[in-house]
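Report on the structure
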Amino acid sequence: MKTDLTDTTSSKINKALVLGRRAIGTPAVGMVLTLVIVTDEENAYDALKAANEASREHPSRTLVVIKRVSRSPRDRAKARLDAEVRLGADASTGETVVLRLYGEVVDHAQSVVLPLLLPDAPVVVWWPVNAPTDPANDPLGALAQRRVTDTYAAEQPIQELTARADTYTPGDTDLSWTRITPWRSMLAAALDQVVCEVTSAEVEGEEFNPSVELLAMWLSERLKVPVRRSKSTGPGLTSVRMETSSGPIVLDRPDGSLATLSIQGQPDRGVALKRRDTAELIAEELRRLDPDDTYATALKFGLERLDEEAATTAPEPETVVEAVAEPAVEPAQAEKTAAAEKPAAKKAPAKKAATK
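Keep in mind that what you see is a predicted model, and the values were worked out from it rather than measured. In every chain, residue numbers begin from 1 and rise along the written sequence. At least 70 in pLDDT is required for a residue's local features to be given in this predicted model, at least 80 for side-chain atom pairs to be given and counted, and no such filter applies to totals for whole chains, interfaces and linings, which use all residues. Calculated side-chain values reflect all of the structure's heavy atoms, with hydrogen atoms and water omitted.

Things to note about unusual backbone geometry
The condition is simple: Strands here are runs of E lasting at least two residues and helices are runs of H or I lasting at least four, both read from the DSSP assignment and numbered beginning at the N terminus.
Even without glycine at this site, aspartate 7 takes up a positive phi of about 50°. The phi torsion at aspartate 120 lies on the positive side, around 60°, for a residue other than glycine. Looking at the element boundaries, aspartate 120 is found in the loop between α4 (109-113) and β6 (123-126).

Notes on the nonpolar core
Cut-off, in case you're wondering: Each nonpolar core is a collection of buried residues, namely Ala, Val, Leu, Ile, Met, Phe, Trp, Tyr and Cys, held together in the definition by side-chain atoms within 4.5 Å. When a residue's accessible area, from a 1.4 Å probe over protein chains only, is under 20% of the maximum for its type it is buried; when over 50% it is exposed; and in between it is partly exposed.
Judged by nonpolar contacts, the single largest core of 39 residues is most densely connected at Val203, Leu215 and Leu219. Looking at this core element by element, the count peaks at 7 residues for helix α8 (residues 210-223).

A few points about the side chain of aspartate 138
Heads up, the condition is: Here Asp and Glu are counted as negative and Lys and Arg as positive; His is not counted, and neither are the chain ends. We define a salt bridge as a side-chain nitrogen of Lys or Arg found within 4 Å of a carboxyl oxygen belonging to Asp or Glu. Contacts: residue pairs with any heavy atoms within 4.5 Å of one another.
Turning to its location among the elements, aspartate 138 is positioned in the loop between β6 and β7 (146-149). Notably, aspartate 138 is buried but unbridged: the nearest opposite-charge side chain belongs to lysine 67, and the N-O separation is 5.7 Å. For aspartate 138, the residues in contact, after removing those within four places along its chain, are Trp127 and Pro132.

Considering the packing of helix α7 (residues 181-192) against α8
Formally: Here, axes are lines fitted to C-alpha atoms. For helices the fit covers the stretch in contact, and angles between N-to-C directions go from 0 to 180 degrees. What makes a crossing left-handed is the near helix being turned counterclockwise from the far one by less than a right angle; a clockwise turn instead makes it right-handed. Note that Gly is not counted as nonpolar here; it falls among the polar residues with everything else outside the nonpolar set of Ala, Val, Leu, Ile, Met, Phe, Trp, Tyr, Cys and Pro and the charged set of Asp, Glu, Lys and Arg.
Interaxial distance between α7 and α8 falls to 11 Å at its minimum, and their mutual angle equals 35°. In this structure, α7 meets α8 at a crossing whose hand is right-handed. Contacts between α7 and α8 involve Trp183, Arg184, Leu187 and Leu191 from the former and Leu215, Trp218, Leu219 and Leu223 from the latter. Of the residues that constitute the contact of α7 with α8, the class distribution is 7 nonpolar, no polar and 1 charged.

In structure tokens, the structure reads:
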């Protein structure tokens, strides 16, 4: 069931939700949370599709906030709110309200969203693209217990990841961190099978992928070892290699679907490690609404510190060349010095004879 409202208000949207529930025969509200999606018109369809699929596991009221761009000064001066209310089969197992904001109301989206929040239910805000630098201080982010961003969609993912570390607030999380949950589980399980000491590690993945950085920082912080990162053609994360006292442990996934776990002294094993879509990632984040302390620790570890520790395991080639070249130069200099000193030694007696 769909209801279109033009130039409306939050109270009229609430009334349309009540009438819609009665019309489809479900007057009670069975939602467990409110999911607020802040996006643009281009990405609204994909984000809403992922939220509807995740609502099968977490029935929720989904509010899609689309801030429309006004092209003329007259349009920017006029505030308007259009809404589309979806219930029943059109909203999967939840309720969906698509809000399109025009003019001055774009800067006051929280005043539109606040009356539509479910009472006594947690609030999660998700920015699929164009997330604020400090989500907790954003007007919409301040309404939520959890704030979900995705640095992979940023123009400069690695710089965005550093900015997230500087402004982290308990309740923040990132889908780039959610993507490596199966990798972290598999690596932890592999280390449980072997009694050993990890000395170093290497994480391989495509360039400009923040998941590679997060996994490297998590390994380095947890294992207290230097971790090196290397580039590959992808897709996503492709390999993790840990050097241990009992031999290398390698988790390799070249095709983005099936991985191979190799442990010294054991046969290789195939592991299902496919790349997950956005709906699965959002569903995982909605399972826990408390702060993710593990993510906070890995994020605050710091990319600069990771680079310094990894550099200690890879000596520069110039250092090796200098060490080899120095012994070859010293004998030649010694011969020249000896040749220059011999004439001086012969002339010394001549000076003494002339004096006598």
